[in-house]
Amino acid sequence: MNEEIKAPIAQIIPHNLEKHGEVRVDDYYWLNDRENKDVIDYLNKENEYYQKMTAHTKQFQDDLFKEMKARIKEDDSSVPYFYNGYYYYTRFEIGKGYPVYARKKASLSAKEEIMFDCNEMAKGNSYFNLSGISISEDNKWATFGLDLVSRRQYAIQIKNLQTGEILSEKIENTTGGATWASDNKTIFYTKKDPKTLRSDMIYKHVLNTDSKKDELVFHEKDDTFYTTVYKDKSKKYLVIASSSTLTTEFQTLDASTPNGTFKVFQKRVRGLEYSISHFANHFYVLTNSDKATNFKLMKTPERATSIENWTEVIPHRKEVLLEGIDIFKNFLVVEERTNGLNKIQIRPWSGEESYYLPFTSETYTAYSTTNPDFDTDVLRYAYQSLATPSSVIDFNMVTKEKTVLKEQEVLGGKFDKNNYKEERIWATAEDGTKIPISMVYRKGMKKNGSNPFLLYAYGSYGSTIDPYFSTTRLSLLDRGFIFAIAHVRGGEYLGREWYEDGKLLKKKNTFTDFIDCSKYVIRKEYTSKSHLYAEGGSAGGLLMGAIVNMAPELYNGVVAQVPFVDVVTTMLDDSIPLTTGEYDEWGNPNDKEYYDYMLSYSPYDNVTEQAYPNMYVSTGLHDSQVQYWEPAKWVAKLRAKKTDKNLLFLDTNMEAGHGGASGRFEALKEVAKEFAFLLDLEKIKE
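Please read these numbers as outputs of a predicted model, since none were measured by experiment.

Enquirer: Explanation requested: helix α2 (residues 58-70) in the structure shown.
Expert: Helical geometry: 3.6 residues make up each α-helical turn, so side chains three or four residues apart lie on a common side. Taking 1.5 Å per residue as the helical rise, α2 with its 13 residues ought to reach 18 Å, and the 18 Å between its terminal C-alpha atoms agrees with that figure. Among the structural elements, α1 (37-53), α4 (474-477) and α12 (666-682) are those in contact with the buried residues of α2.

Enquirer: Looking at this structure, how should I read the sheet that holds strand β20 (residues 296-301)?
Expert: Two orientations exist for strands paired in a sheet by backbone hydrogen bonds: parallel and antiparallel. Here we have 4 strands laid out as an open sheet, ordered β18-β19-β20-β21, and antiparallel in their pairing. Looking at which strands have only one partner, the edges of the open sheet turn out to be β18 (274-279) and β21 (311-314). Neighbour to neighbour, the strand axes of the sheet diverge by 30 degrees on average, direction disregarded. Examined bridge by bridge, β20 and β21 share 3 bridges and lie antiparallel to one another. Among the inter-strand pairings, K299 is bridged to a residue of β21, identified as T311.

Enquirer: Just to check I follow, could you spell out the packing of aromatic side chains for this structure?
Expert: Inspection of every chain in the model, using the stated rule, returns 35 aromatic pairs. Between the aromatic rings of F359 and Y383, the centroid separation amounts to 5.6 Å while the plane-to-plane angle is 20 degrees, which identifies the pairing as stacked. Separated by 24 residues along the polypeptide, F359 in the loop between β25 (355-356) and β26 (364-368) and Y383 in strand β27 (residues 378-385) bring together distant segments of the chain. A relative accessible area of 17% means that Y383 is categorised as buried. Every member of this aromatic cluster is reached through a ring pair, and the members are Y237, F250, F265, Y274, F283 and W310. Looking at R268, its charged tip hangs above the ring of F225, at a distance of 4.3 Å from the centre. Note that R489 overlies the ring of W498, its terminal NZ or CZ placed 5.8 Å from the centroid.

Enquirer: I tried to follow helix α10 (residues 592-601) on my own but got confused; where do I start?
Expert: Looking at α10, one finds that the buried residues are Y594, Y595, Y597, M598 and Y601. Tucked into the core, α10 has its buried residues touching β1 (15-19), β2 (22-26), α6 (508-523), α7 (539-550), α8 (567-571) and α9 (583-586). Among the residues of α10, the N-terminal cap falls to D591, whose side-chain oxygen and the backbone nitrogen of E593 are separated by 2.9 Å.

Enquirer: How should I be thinking about unusual backbone geometry in this particular structure?
Expert: Excluding glycine, a negative phi dihedral is what most residues carry, and trans is how most peptide bonds are arranged. A positive phi is found at K291, a non-glycine position, where the angle reads about 65 degrees. With respect to the helices and strands, the residue K291 is situated in the loop between β19 (282-287) and β20. On the basis of relative accessibility, which here comes to 78%, the residue K291 falls in the exposed class. Backbone geometry places F295, a non-glycine residue, at a positive phi of 75 degrees. Note that F295 resides in the loop between β19 and β20. For F295, a relative accessible area of 12% corresponds to the buried category.

Enquirer: Even after reading the chapter, I still don't get the sheet that holds strand β4 (residues 86-91), so can you show me in this structure?
Expert: Across the sheet, which stays open at both edges, the 4 strands sit in the order β3-β4-β5-β6 with antiparallel pairing between neighbours. Both outer strands of the open sheet, β3 (81-83) and β6 (112-117), are each paired with one neighbouring strand and no more. Here the average twist between neighbouring strands, direction ignored, is 30 degrees. As paired elements, β4 and strand β5 (residues 100-105) share 6 bridges and run antiparallel to each other. Each bridged residue has a counterpart across the sheet, and for Y87 the counterpart in β5 is K104.

Enquirer: Would you mind showing me how to read the pattern of salt bridges here?
Expert: Pairs can form between side chains of opposite charge whenever their charged atoms are close. According to the stated counting rule, one finds 46 salt bridges in the structure shown. Through salt bridges that share partners, E273, E492, R496, E500 and K503 make up one connected network.

Enquirer: So what exactly am I meant to see when it comes to the side chain of E302 here?
Expert: Take E302: it is sitting in the loop between β20 and β21. Among the polar contacts made by the side chain of E302, one reaches the side chain of K236 at a distance of 3.2 Å. Side chain to side chain, E302 and H278 meet in a polar contact 2.9 Å long. Ignoring any residue separated from it by four or fewer positions in sequence, one finds E302 in contact with K236, Y237, H278, A280, N281, H282 and F283.

Enquirer: What should I look at first to understand the nonpolar core in this one?
Expert: Note on soluble globular proteins: their nonpolar side chains tend to be buried together. With 91 residues, the main nonpolar core has I346, M439, F514 and W634 as its most contacted residues. If we ignore the near neighbours within four places in the chain, the residues touching I346 are F331, L332, V333, S354, Y355, L357, L379, F395 and M397. In terms of nonpolar packing, the next biggest core, distinct from the first, is built from 39 residues, I5, F60, L64 and L647 among them.

Enquirer: Quick question: what am I supposed to make of the layout of surface pockets here?
Expert: Over the atoms a probe the size of a water molecule is rolled, and this reveals where empty space is left. Of the voids in this model, the second largest pocket is the one considered here, and its volume is about 1,000 Å³. Along the walls of the second largest pocket sit 43 residues, with Y81, Y83, I133, K231 and P372 positioned nearest its centre. The greatest single-element share of the lining of the second largest pocket, amounting to 5 residues, is contributed by strand β10 (residues 166-180). Residues belonging to the lining of the second largest pocket are distributed by class as follows: 19 nonpolar, 17 polar and 7 charged.

Enquirer: Looking at this structure, how should I read the side chain of D466?
Expert: Looking at the element boundaries, D466 is found in the loop between β32 (453-456) and α4. Within the local environment of D466, its side chain forms a polar contact with the side chain of R337, the two groups lying 2.9 Å apart. Excluding residues within four positions of it along the chain, D466 makes contact with R337, G340, N342, T365, I485 and Y493.

Enquirer: I would appreciate a short explanation of the environment of A102 in the present structure.
Expert: Along the chain, A102 turns up in strand β5. For the pair A102 and K642, spaced 540 residues apart in sequence, the C-alpha to C-alpha distance is 53 Å. The residues contacting A102, other than those within four sequence positions of it, are Y87, Y88, Y89, E112, E113, I114 and M115.

Enquirer: Quick question: what am I supposed to make of the packing of α6 against α7 here?
Expert: Axis angle and axis distance: for two packed helices, these are the angle between their axes and the distance between the axes, and together they describe the pair. Across the interface, α6 lies against α7 with an axial gap of 9 Å and an inter-helix angle of 65 degrees. Classified by the angle their axes make, α6 and α7 are roughly perpendicular. With respect to the hand of their crossing, α6 and α7 are arranged in right-handed fashion. Residues T510, F511, T512, F514 and I515 of α6 touch α7, and the partners they reach there are L542, L543, M544, A546, I547 and M550. When the residues that make up the contact of α6 with α7 are grouped by side-chain class, the tally is 9 nonpolar, 2 polar and no charged.

Cut-offs and rules
Residues numbered from 1 in each chain as written. Predicted model: local features only at pLDDT ≥ 70, side-chain atom pairs only at ≥ 80, totals over all residues. Heavy atoms only, no water. Helix = DSSP H or I, 4+ residues; strand = E, 2+ residues; numbered from the N terminus. Expected span 1.5 Å × (residues − 1). Contact = heavy atoms within 4.5 Å. Pairing = 2+ DSSP bridges. Axes fitted to C-alpha atoms, helices over the stretch in contact; angles between N-to-C directions. Phe/Tyr/Trp six-rings, centres within 6.5 Å; stacked < 30°, edge-to-face > 60°. Buried < 20%, exposed > 50% of the residue type's maximum accessible area, 1.4 Å probe, protein only. Lys NZ or Arg CZ within 6 Å of the ring centre and 35° of its normal. Polar contact = N/O pair within 3.5 Å; in protein donor to acceptor, adjacent residues only side chain to side chain. Salt bridge = Lys/Arg side-chain N within 4 Å of Asp/Glu carboxyl O. Core = buried A, V, L, I, M, F, W, Y, C linked by side-chain atoms within 4.5 Å. 1 Å grid on protein atoms, 1.4 Å probe; cavity = no way out; pocket = protein on both sides within 12 Å on 5 of 7 lines; lining within 4 Å. Points joined across faces, edges and corners; volume = space filled by probe spheres on them. Nonpolar A, V, L, I, M, F, W, Y, C, P; charged D, E, K, R; others polar. Parallel < 35°, antiparallel > 145°, perpendicular 65-115°, else oblique. Left-handed = near helix turned anticlockwise from the far one by under 90°.

Given below as structure tokens:
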């Protein structure tokens, strides 16, 4: 390492923040202004410092990028699915970074129709993202959303698929998605609040009219809710959904009467969550009503949808989390989670005996995928594990035959899943709770404490990180790393209570679970403190920030991607995108009890004079979800306070947002940076 390269020191400009009669002094509050030249100058200096300090790994980063790219089939394509007379698929071309969206009429041997060639459309843009393609029922028109900044603000445009013409009308500041009514000329779409980026308004647009005159159909005025609009699988109903962390509400309208009025399905009741699926003359309702913590399935007549009309189809089960359903003409498919593992149940409407798809591993993920057609006996689902590439499988629910349509190819001729071992182990948390850890490593690993070990987790919003296959991860596994996912509380891996026990005033369970998992793998000699690494992004970056304050001595290195680390200040600023909708997750700091609790773990507020691990922190200047100044302020404060000489890098993508770089392979360069950081700490190159 180059000792004479000096790290940038951010200017200290004390700023008083008052709340509940208390004053917090924020020395780096000034970084909260992306228009300020001094702020951009500081971020550029941090980038320059990172570049200089890692110059000796540049070739290695490039080698890693090429190695990871070489495993990916460049001219890959998705498995086509049939919908409304056409086969739809996405394909890639060699040497090109963006997808081509295409379709074929009636038969896979028909002539290809290219709907969108994103490689052509992306030319001249440093960032490009096309999303939300929606096709009219007559197959003539397509809406699509474009984001050229990476702030998740999409402009909707409309293309004539018969002539190739893109209409001049453009609808700005939307979520990107739109939904067609059955008249093939009316679309419904969601606009965002220009400041907070909350999706709060549903509009109606008619083809070949001025979008400035579009009619406001619904305004979600509660700033803790988001709203969206879509068409049900049956195509009979347009649906407006409003949701917050704890509560949902739906409105429906017959898709053939776009000028009609949406009708509330069941009015919102705080704490009542439900989702709806239409079939025949009923709606099926997945809900937590009547204290069904892990959800149950109800049904109700389509003309009488309020809660008093709901009758039970599948009761609540304490040990089974009901995650979703998929409805077919002859079958109901139920997605469940038991003891952390995905289960897919097939229930014939005829009353014949139901059954489960057989899965044997403990480190897999399986889920229903694209099933837009009612009138079929074939369920399409996906399967993968930590060592098994992702497969798309068609399963005949009558004959029980399965057809593997595609298994993700790992090119290069070196990969063999039999070279890897997967296991699930259980660590004991300080309160006695058993925390599951899914892991993968090359066979022949010896438990002698010398293995480099990367422990990953997220742990918020009830979002579960299931065991998944990654071709990029092979670059770590094949160099001796163990990779593991800690299924900490705050996710929903072990059911809804697992989430409830890791949020609000129990949030610290997420952090202590991760620390206890770390101690466990050290104690069991999978690794040791000098070889243990931690990684997390966004709310998982908050987890990283908490653990380095609470137990920095356990880790040799930490990767924090777009980390949410300035919890109290952000949650007190209701102008920041996402804030008000987050109160049910973190608590509202305008309430003193929540303010004090958040302040006790907020990573930025708890940086102290102590030794910290080696750290690589990444962010994007245009990130709308975790603003760039959170990691920037955090790194500035860490630099000023830490007592060690370990590495501390802030790497800001000056053009991208929360999802990082656009383009199929650009994201690999960011992974290569992270892997080079970890492998360099281990002094592993080959």
